[in-house]
Structures are given as structure tokens and as C-alpha cells.
Amino acid sequence: MAGPMPKQDSTHQDPEKPKKASKRHLALGVGTLLALIAAYVYKQGGKEELLNVIRETLLSLQSLRNYGALGWVIFVVVFIAQLTVCLPGTMVVDVALGNIYGAVLGTAASVLAKTISALVSLFLGRLFGQALGLEFPAALQRHMAAVQKRPLKALFLARLAPISTGVKNYALSLLPPEDVPLLPYTLAVLAANLIVTTGVCILGAGADNLVDALDQVMSSSH
């Protein structure tokens, strides 16, 4: 005859629950920190003031041209950081790259930075997006109807949507991973950025100096 069933310990917890909770808290903490930084920046003068700061930074970064390939790599890394934290001024940086490094190397630097930042944002968004309860933007929904049948075309059109680069980077991370296969997504990012970036870098390369190039693009954005 079997003895009485052992009583389950009511204090026993699923080991996965603390991990999920800590992940959610970390995501909320990161999101709150970024929101506070953004609020502080805009409180200090808004987007126009931030663009002026980016302009002055780019003027100082033109000295990287004197360091050859190393300076080019450093510029790319700085641009990746800017895109990953969703700071504005992407076109301004493209113009600067074209003026400092020429149309070919400037375009290559911009496309490389945008591609790496898109992939970094994809994984960061998948890590934190669900925990923060974020949803895929409605503005991109119409581009994603055929993503399962023609992923390259759908992702390419989504990357061309007139939305800021940072928003697109993180928005696409909110889709199921099977809807954003890595190889088609990388190719879509490369193709879209080549189309968008080349003309801007050529514009920057055609300016007499960096000050004129930046003033031209910033005045046209007002």
C-alpha cells in the first residue's frame, strides 16, 4: 500500500521566473535611462540644438582624415554608436563623410555603419522589446504583408520607408525572428542604404569644404 504523497513545498519557484523578471527589470531600466537622456537633450534646446552639437562634433572629427584607415574606422564606430542610440542627424553625417573621405569611401563608411547598427539594433530589440511590451509600428505594416513569401523585397521596401533610421532598426526587431531572416535582412539593409546614401555622400563630396557642406544640408532641413 502506497504511503501518503509528499507535500509540495509551497515556497518552490520556477527557476525561469526570476530570470524573466530580472530581464524585464533590466529592459525597463535601460528604456527609462534612454527616455531620461532624450528628455534632457530636448529640454536643453530640442532637435535643432542637438544637430548643432553634431555639426560641431563633425567639424572636429574631420581631423581623423589625417590618420588614414584608422581614422576611417574610428569614424565608422562613432556613427554606429549614434545610430544605435537613435540620435538624429543621419543625413548630416552622410554629407560629412562624403566631404571628408570622398564619395566612394564616404558611402562605404556610411553603409557599413548603418548595416552594423541595424544588426546590433535587431538583436537588442529582440532582447528588450518584448519585455518592454513594444509593438510593431503601424506605419511599416503595409510593407510587411508579403514578408513570408518574399522576405527580401518586403524588408527592402520597409528599409526605404520615410521613417528615421533608428526607428526602423528597432521596429523590425519586434517582428518574429522567422519574419526577419538574417541574410535577406542584411542584403535589404545594404541595398536600401546604398540607394539612399550614395547621393548624399556625392553632395558632400562636391562641396568646397566641410563647413559649406554641413551648412547647406542643415539649412535645407529647416
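Coordinates for the structure precede this section.
How each quantity is defined
- Residues numbered from 1 in each chain as written.
- Predicted model: local features only at pLDDT ≥ 70, side-chain atom pairs only at ≥ 80, totals over all residues.
- Heavy atoms only, no water.
- Buried < 20%, exposed > 50% of the residue type's maximum accessible area, 1.4 Å probe, protein only.
- Helix = DSSP H or I, 4+ residues; strand = E, 2+ residues; numbered from the N terminus.
- Arc of directions from axis to C-beta.
- Core = buried A, V, L, I, M, F, W, Y, C linked by side-chain atoms within 4.5 Å.
- Contact = heavy atoms within 4.5 Å.

(A) Region of interest: helix α5 (residues 151–159). What α5 keeps buried is the set Ala 154, Leu 155, Ala 158 and Arg 159. All buried residues of α5 fall inside an arc of 135 degrees around its axis, so they share one side.

(B) Structural view of the nonpolar core. In terms of nonpolar packing, the biggest core is built from 29 residues, with Leu 58, Phe 75, Val 93, Leu 97, Tyr 101 and Leu 214 touching the most fellow members. Mapped by element, the contributors of at least two residues to this core are α2 (46–61), α3 (68–84), α4 (90–132) and α8 (210–220). Sorting elements by how many residues they give to this core places α4 first, with nine residues. Setting aside chain neighbours within four positions, we find Val 93 in contact with Ile 54, Leu 58, Phe 75, Phe 79 and Gln 82. Core analysis: the next-biggest nonpolar cluster, separate from the first, contains ten residues, Ala 158, Leu 175, Val 180 and Tyr 185 among them.

(C) Highlighting the environment of Leu 210. Of note, Leu 210 is situated in helix α8. Residue classification places Leu 210 among the buried positions, given a relative accessible area of 2%. Measuring from C-alpha to C-alpha, the distance between Leu 210 and Leu 97 comes to 9.3 Å, with 113 residues separating the pair along the chain. Those residues within four positions of Leu 210 in sequence are excluded, and the remaining contacts are Leu 58, Leu 59, Gln 62, Ala 96, Asn 99 and Ile 100.

Honestly, that's just the spatial picture; any functional story needs more than this.
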